[in-house]
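So the chains spell out like this:
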Amino acid sequence: MSLRPHRTVRELLKILLKRQARLERRLLRDPTNPFTLPQTRFRKLFGFPPLLAKEFIDELSPLIKLNRQYSAQSGQRVPHHLQILCVLNFFTTGSYQRPLGRMSLFWMITEDMAMGYVEKICHTIEKYMYSKYVSFPYSNNQAIPIKEKFKQSTGLPGVVGIIDGFHIPFTGYLPTRVNDYYNTLGYYSLLCLIVCDADSRVIFCDPRYVANCTEWTALEICKILKSLERIYRQDPQTWLLGDLGYQMTKFTVVPFQNPVFGIEEKFNEVHERVRSQISRCWAMMRGQWKCLSNRDKPINCNHDNAIFLVHSVCVCHNYLLSHNVRPHEADLRDPLQPPTRVCRKRPTERARNHLMYYIADHHIQ
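Since the model is a prediction, treat every value here as computed from it, not as a measurement.

Chemist: In this structure, what is going on with unusual backbone geometry? I would like to understand it.
Modeler: Note: most peptide bonds trans; most residues except glycine with negative phi. If you check the backbone angles, Ser200 has positive phi at about 65 degrees while not being a glycine. Residue classification places Ser200 among the buried residues on the basis of a relative accessible area of 1%. In the Ramachandran plot, Asn324 falls in the positive-phi region, its phi being about 60 degrees despite a non-glycine side chain. By secondary structure assignment, the location of Asn324 is in the loop between α13 (303-322) and α14 (350-362). Note on Asn324: relative accessible area 74%, which makes it exposed.

Shown next, in the form of structure tokens:
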């Protein structure tokens, strides 16, 4: 500090006290400690409340050390809790540059380092946490609580889940057949099959399909059909609700495309009301985790890492719901979703007729 002759000792003392107070305030809001941020600001940046974020970090940090694929990598100068918060911030904002440019919290993290942390954290969550927080029932005993919850909330018996397909913007390392990833709305994407329960909790997620794949074709390939067959053999009253993009089978139930009678219209009304739960689930996911719906900044990584990333977001979504924290919900109508391609095959009507007459007999609204 240069001394000016016209300043008195009292003025200089006042300047020193002011600078000391400014330094104390800066230390009080330590930029390397994100948990000193206000709760609303912290939730906006990382998607978690501060206390719940600490629990999530305490559960995930030991698992990172167990992941031998990344244990020997450099970058350990950045603590694990900052690495995890950097990944959560990417999930929440959908961008690397925005937090790195505006927040002094991540001043030591470059964009390449952040991309490496996303890969490492997502791989660890996929390996150690995904099966714990996202699991489809493999037997009727595991499906009974889900069926009971649906019956309590909707009145329909035997519903084991609601399925729908959603497009996630993706411009990573596309294989040779690039046009397969180009959807009808004019952008590259992955088709992700999601099954949710009555509480909007994700119980199955499979984002490995190309954009021009139909939802029914994707369902035929994925592994939950074997689980549905197993549950159906143990209990014939087992239904998976879907839209017109799926085929009517003995355990998948879709609405009438052209209802004629009043009982068919009533069935479609109840079916649409119950199936809106999957739309609400997706609205919460893309409202809280912007990386799933950021068309300007789509997911940019290889195909396998994109799958791990979507699975990690599902784990975070279920983690919030399991602690009674409701994610921010976006508009139910998603402008990024192409129109559903109707599946024309209708080999059996038994399952739909059973539910249709059950709705009529029990006066379900």
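Once the structure has been displayed, the description carries forward.
Chemist: Looking at this structure, how should I read α13?
Modeler: Along an α-helix, residues three or four apart share an orientation, since each turn contains 3.6 residues. Here α13 spans 29 Å end to end across 20 residues, near enough to the 28 Å set by a 1.5 Å rise per residue. Counting buried positions along α13 gives 17 out of 20 residues, so the element sits mostly inside the fold. A positive backbone phi angle near 60 degrees is found at Asn324, which sits one or two residues after α13.

Chemist: In this structure, what is going on with the packing of aromatic side chains? I would like to understand it.
Modeler: One pair of aromatic rings is described through two measures. These are the centre distance and the angle between the planes. In this structure the tally under the stated criterion is 14 aromatic pairs. Over the aromatic face of Phe35 sits the side chain of Lys54, whose NZ or CZ is 5.0 Å from the ring centroid.

Chemist: What is the right way to read the environment of Thr249 from this model?
Modeler: Mapped onto the elements, Thr249 comes out in the loop between β4 (239-241) and β5 (252-253). Judged by its relative accessible area of 13%, Thr249 is buried. Along the chain, Thr249 and Trp239 lie 10 residues apart, while their C-alpha atoms are 9.5 Å from each other. For Thr249, the side chain forms a polar contact with the side chain of Thr252, separated by 2.5 Å.

Conventions used here
Residues numbered from 1 in each chain as written. Predicted model: local features only at pLDDT ≥ 70, side-chain atom pairs only at ≥ 80, totals over all residues. Heavy atoms only, no water. Buried < 20%, exposed > 50% of the residue type's maximum accessible area, 1.4 Å probe, protein only. Helix = DSSP H or I, 4+ residues; strand = E, 2+ residues; numbered from the N terminus. Expected span 1.5 Å × (residues − 1). Phe/Tyr/Trp six-rings, centres within 6.5 Å; stacked < 30°, edge-to-face > 60°. Lys NZ or Arg CZ within 6 Å of the ring centre and 35° of its normal. Polar contact = N/O pair within 3.5 Å; in protein donor to acceptor, adjacent residues only side chain to side chain.

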